[in-house]
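Secondary and tertiary structure notes
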Amino acid sequence: MNPKSLLTMKDLSNAEILDILNDAKAFNSSHSDWQIPVSSRKLTANLFFEPSTRTHFSFESAEYQLGLQAADLAPDSSSVTKGETLYDTCRTFESLGYGVLVIRHPQDEYFKELENVKIPIINAGDGKGNHPTQCLLDLLTMYNEFGHLDGLNVLICGDVAHSRVAASNKEALEKFGANVRFAGPKEWEREGYPFSDFDESIPWADVVIMLRIQRERGAKIDGMSDAEYLERYGLTLEREKKMKDHAIIMHPAPVNRGVEIDTNLVECERSRIFEQMKNGVLVRKAVLRRALGFAPFGRSEC
Amino acid sequence: MNPKSLLTMKDLSNAEILDILNDAKAFNSSHSDWQIPVSSRKLTANLFFEPSTRTHFSFESAEYQLGLQAADLAPDSSSVTKGETLYDTCRTFESLGYGVLVIRHPQDEYFKELENVKIPIINAGDGKGNHPTQCLLDLLTMYNEFGHLDGLNVLICGDVAHSRVAASNKEALEKFGANVRFAGPKEWEREGYPFSDFDESIPWADVVIMLRIQRERGAKIDGMSDAEYLERYGLTLEREKKMKDHAIIMHPAPVNRGVEIDTNLVECERSRIFEQMKNGVLVRKAVLRRALGFAPFGRSEC
Amino acid sequence: MNPKSLLTMKDLSNAEILDILNDAKAFNSSHSDWQIPVSSRKLTANLFFEPSTRTHFSFESAEYQLGLQAADLAPDSSSVTKGETLYDTCRTFESLGYGVLVIRHPQDEYFKELENVKIPIINAGDGKGNHPTQCLLDLLTMYNEFGHLDGLNVLICGDVAHSRVAASNKEALEKFGANVRFAGPKEWEREGYPFSDFDESIPWADVVIMLRIQRERGAKIDGMSDAEYLERYGLTLEREKKMKDHAIIMHPAPVNRGVEIDTNLVECERSRIFEQMKNGVLVRKAVLRRALGFAPFGRSEC
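Since the model is a prediction, treat every value here as computed from it, not as a measurement.

Attention now goes to the overall build of chain A. Secondary structure summary: chain A contains ten helices and eight strands in total. The C-alpha radius of gyration of chain A comes to 19 Å, within 12% of the 19 Å expected for a compact globule of 302 residues. Along the first, second and third principal axes, the C-alpha atoms of chain A reach 55 × 50 × 30 Å. Every one of the 302 residues in chain A was classed for burial, and the buried ones make up 53%. Expressed as a percentage of contacts within chain A between residues at least 6 apart in sequence, the contacts between residues at least 24 apart total 76%.

On to the domain arrangement of chain A. Residues and elements named next belong to chain A. According to the domain assignment, chain A contains domain 1 (9-130 + 278-301) and domain 2 (133-272). Just the C-alpha atoms count here: the centres of domain 1 and domain 2 sit 26 Å apart. Listed per partner, the contact involves 18 residues of domain 1 and 16 residues of domain 2. At the level of elements, α1 (14-27), β4 (121-126) and α9 (273-291) are the ones that each hand at least two residues to the side of domain 1 that touches domain 2. Counting residues per element, the side of domain 1 that touches domain 2 draws most heavily on α9, which supplies six residues. Partitioned by chemical class, the residues of the side of domain 1 that touches domain 2 number nine nonpolar, six polar and three charged.

This brings us to the relation of the copies chain B and chain A. Once turned by 120° and shifted 0.0 Å along the axis, chain B lies on chain A with an RMSD of 0.0 Å. The two molecules are tied by a three-fold rotation axis, judged by turn and shift. Measuring from the rotation axis to each C-alpha of chain B, the shortest distance belongs to Ala74 of chain B, at 5.1 Å. When the interface residues of chain B are mapped onto chain A, a mere 5% of them are again interface residues, pointing to distinct binding faces.

Here we come to the relation of the copies chain B and chain C. Superposing chain B onto chain C takes a rotation of 120° plus a shift of 0.0 Å along the axis, which leaves an RMSD of 0.0 Å. Taken as a fraction of all interface residues of chain B, those also at the interface in chain C reach only 5%, which identifies the copy contact as different-surface.

With that settled, the discussion passes to unusual backbone geometry. Here the residue pair Ala253 of chain A and Pro254 of chain A is connected by a cis peptide bond, since its omega of 0° sits within 30 degrees of zero. Unusually for a residue other than glycine, Glu109 of chain A sits at a positive phi of about 50°. Mapped onto the elements, Glu109 of chain A comes out in the loop between β3 (98-105) and β4. For Ala253 of chain C, which is not glycine, the phi torsion reads 60° and is therefore positive. Here Ala253 of chain C shows up in the loop between β8 (248-250) and α9 (273-291).

Let's shift gears to the interface of chain B and chain C. With 21 residues of chain B in contact, the opposing surface of chain C contributes 23 residues. Breaking the side of chain B that touches chain C down by element, the ones donating at least two residues are α2 (54-65) and α9 (273-291) of chain B. At seven residues, the largest contribution of residues to the side of chain B that touches chain C is made by α2 of chain B. Grouping the amino acids of the side of chain B that touches chain C by side-chain chemistry returns ten nonpolar, six polar and five charged.

At the interface, 22 residues of chain B touch 21 residues of chain A. Only β2 (70-73) and α3 (86-95) of chain B provide two or more residues apiece to the side of chain B that touches chain A. Considering each element in turn, the side of chain B that touches chain A owes the most residues, six residues, to α3 of chain B. Among the residues making up the side of chain B that touches chain A, the classes are represented as seven nonpolar, eleven polar and four charged.

This part takes up the sheet that holds strand β2 (residues 70-73) of chain A. The strands making up a sheet associate through hydrogen bonds between their backbones, and the pairing can be parallel or antiparallel. Residue and element names in this part refer to chain A. If you trace the four strands from one edge of the open sheet to the other, you get β2-β1-β3-β4, paired in parallel fashion. Strand pairing shows two members of the sheet lacking a second neighbour, β2 and β4, which therefore form its edges. Strand-to-strand twist in this sheet, taken as the mean axis angle between neighbours without regard to direction, amounts to 15°. Where strand β1 (residues 43-48) and β2 come together, four bridges link them in parallel fashion. Bridging across to β2, Ala45 finds its partner in Ala71.

Right, let's talk about the sheet that holds strand β3 (residues 98-105) of chain B for a bit. All names here are of chain B. Strands sit in the order β2-β1-β3-β4 across an open sheet of four strands; the sheet is parallel. Across the chains shown, the open sheet's two edge strands, defined by having one partner strand only, are β2 and β4 (121-126). Strand after strand, the sheet turns through a mean of 15° between neighbouring axes, direction not considered. Relative to β4, β3 is paired through four bridges, and the arrangement is parallel. Pairing of Ile103 across the sheet is with Asn123, part of β4. The strands that α3 touches are β1 (43-48) and β3; relative to β3, the one it contacts most, it runs at about 155°.

Below, the discussion takes up the environment of Lys278 of chain B. Mapped onto the elements, Lys278 of chain B comes out in helix α9. For Lys278 of chain B and Ser58 of chain B, which are 220 residues apart along the polypeptide, the C-alpha to C-alpha distance reads 8.4 Å.

Right, let's talk about the packing of α1 of chain A against α9 of chain A for a bit. Residue and element names in this part refer to chain A. For the pair α1 and α9, the least separation of the axes is 8 Å and the interaxial angle reads 115°. The crossing of α1 and α9 is right-handed. Here Ile20, Asp23, Ala24 and Phe27 of α1 come into contact with α9, specifically with Asn279, Leu282, Val283, Lys285, Ala286, Val287, Arg289 and Arg290. When the residues that make up the contact of α1 with α9 are grouped by side-chain class, the tally is seven nonpolar, one polar and four charged.

With that settled, the discussion passes to the confidence of the model for chain A. On average, residues of chain A carry a pLDDT of 93, and 95% of them reach 70 or more. Here the predicted complex scores 0.94 on pTM and 0.93 on ipTM.

What follows deals with helix α1 (residues 14-27) of chain C. Counted at 1.5 Å a residue, the expected span for α1 of chain C with its 14 residues is 20 Å, and the 20 Å between its end C-alpha atoms agrees. Within α1 of chain C, the full set of buried residues consists of Ile17, Ile20, Leu21, Asp23, Ala24, Ala26 and Phe27 of chain C.

So, on to the packing of helix α4 (residues 132-146) of chain C against helix α5 (residues 164-175) of chain C. Residue and element names in this part refer to chain C. The N-to-C vectors of α4 and α5 enclose an angle of 55°; their axes lie 9 Å apart at closest approach. Classified by the interaxial angle, the pair formed by α4 and α5 is oblique. When you trace α4 past α5, the crossing you get is right-handed. Contacts between α4 and α5 involve Pro132, Gln134, Cys135, Asp138 and Leu139 from the first element and Arg164, Val165, Ser168, Asn169 and Ala172 from the second. In the contact of α4 with α5, the residues fall into five nonpolar, three polar and two charged.

The rules we used
Residues numbered from 1 in each chain as written. Chains lettered and ligands numbered in written order. Predicted model: local features only at pLDDT ≥ 70, side-chain atom pairs only at ≥ 80, totals over all residues. Helix = DSSP H or I, 4+ residues; strand = E, 2+ residues; numbered from the N terminus. Rg over C-alpha atoms; globule rule 2.2 N^0.38 Å. Buried ≥ 20, exposed ≤ 12 C-beta atoms within 10 Å, placed from the backbone. Contact = placed C-beta atoms within 7 Å. Domains from an automatic or database assignment. Nonpolar A, V, L, I, M, F, W, Y, C, P; charged D, E, K, R; others polar. Least-squares fit on C-alpha atoms with pLDDT ≥ 70 in both. Pairing = 2+ DSSP bridges. Axes fitted to C-alpha atoms, helices over the stretch in contact; angles between N-to-C directions. Left-handed = near helix turned anticlockwise from the far one by under 90°. pLDDT = per-residue confidence, 0-100. Expected span 1.5 Å × (residues − 1). Parallel < 35°, antiparallel > 145°, perpendicular 65-115°, else oblique.

Here is the structure:
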């Protein structure tokens, strides 16, 4: 496996995470026009074996901004329909001259079978497992907001059991000294995740992250209507009023309006939901830059 | 809504329409190599929620010719399948750094719910409603042919009831002083549209526009075969002979050969069907140029 | 039909084939950075009416490397779903400003109805018929390996009846003086193709080409398991040991691992399977270069 791959947050030391966050910030300020030098450009292949708007087009935006050409594999029109293994598909793209692979795949840790692929792989989501660039954009959003991560109180509410966001944020935030609590329906509690009462934790939080109900993965609470879910576990206008003055609202999106969150809060002053998307492009630019072998801006300038 | 959006022909004054037509003509002559200056280039997202070849790849051709990078959303592999609203999808693309949206969507006037999107939106067809770039290319085709629009006799025949082309051409042509008549099956007549006998109007027309039977939208005349339709309402070889010497044939395509029109007329001397497609790229270049904030060529050169 | 089209191997003289192979070799060495000069660049449309990974993304890689912009038609979201003929679709792309068409289509010799299309067409596979760029990459792989084609002993084994590879390789290899034998199940023998006993021919061959079982086209041997097929007609570890020292293994891919070939042989020292893919990009660059009207490197330098 190429060491410039990014598969899980565990692969990154705190220093490496900070390097990526700082590069992302640089892409938003002093280095907004930076592109990969022509001689170092590689063809990128975006292999999305599951539907995605945000992540897919965030990578595509990042690729174009960096000056990279991107090919998009639509699974339905590919040899995956002919039974080709993921490994053979990846080796194929490598042989065809592509230099970076961005992969989303429904299988947990699909990348374990890709060890002999030599070009860097960026994980854009594996099953219920990891989604490191989503985690990085969440960290960047909090980091931009508060200037630090340690000591932050982060409340994550919803479908914790099925959420890549819950798992990777918990791990990364705790590494940086943040305090993480969870809330949501009992059916979606998860071992090792400290659950709390949602209403009691709301005033405690600096950051409230509402998770998406992944209906397309079969997630549902038996017999509960959307309105009931919102009332019991969603971010209502009443709950928003109990948040700290400076506290912010996040959500990985796409949002189920009126279910996880009141539709009027999606673009309220506290909401960073669309800001998260902007930050997603910045961290993906940083991760792609790293994959192509460039040292962090700060360091390379030393 | 961004004022550089183009949603319906009604949004454009006659002067603005002429500006676009003149820019399109310039793209076919003195400005054929003109590209958006690098510093003004924006990422474009083509969001086609309905099948399309002509319009989709016409925009893509126009975008590439202008030097723009284009991302293509295939609805089946997007978060639309996860129930995301169109508004949230558009705000997402905006947040991801895309600077222009080209949208085709099955819902009439889908853009009414997009008022808070800040980047320009170009309507590439809404349900049975509007299709302004199709109308502009039709106008350009007649304008190129006759040098003027006022006083032209235009006969539009076929599925008038379901046709975006019939509606927007009627309105635009009448604004420019053209005379518009309709013909076709009684089942497809439309209130406010002056119907006439097809065979009587053929010798009157300078332009005969044959409409597509949109079978994919369920359009059909009960119990009528293709051959019968052609005989009664289609452009046959016999009818073509009764056209004025200088009169031309148009069709928005894709053509149902042998139904709306005899297959031998599709590329006959009078036919402007493929010329219309060429003109479509030119008007879309003009519309994209306008969306990115450039004044018309003529004016900017004053 | 544009004379720079490439539809079948029969269209090419031996001298033209060698020109393409030499250009492909040049793209791998002295001309690796060569791009189409900006003033000669054309938009390319990749029209794949059947699933494909290798061929599709090989062309896309070749196009990008040459500096060309590529549009991808996904049949499901195109007007093909509205019943448009292939001829009208191709004429449409021509009218829209595309300068080269790369087409894969399930119908044998689909290109026979495209004679009036003026821009070059590159056949990326027609039904059970032709796949000239696959043949050229196979020739290049053997040519690179042995420095010549005449006198080579080539053994092609498997689903000969349904294989575009078998047909076009037989013809081209014999034109260059190679000896071609076939092997495989009786059900898949083909008139005019000299069949032999697989095990007897293995030690005879310089090149063993294992064909893919095209299950997506309904190919199967009644009542035979994958393991049985491998044992009787596949390339097993035992058979590989009986190959000549310098003999190589080829396969058009995607591979059905453990059926046509033992999974451990896919990337063994003798295997050129992924090398074939690299060569595919090189020959497609040469074929695209030719389609855009450039003389072979050697000649143009004279």
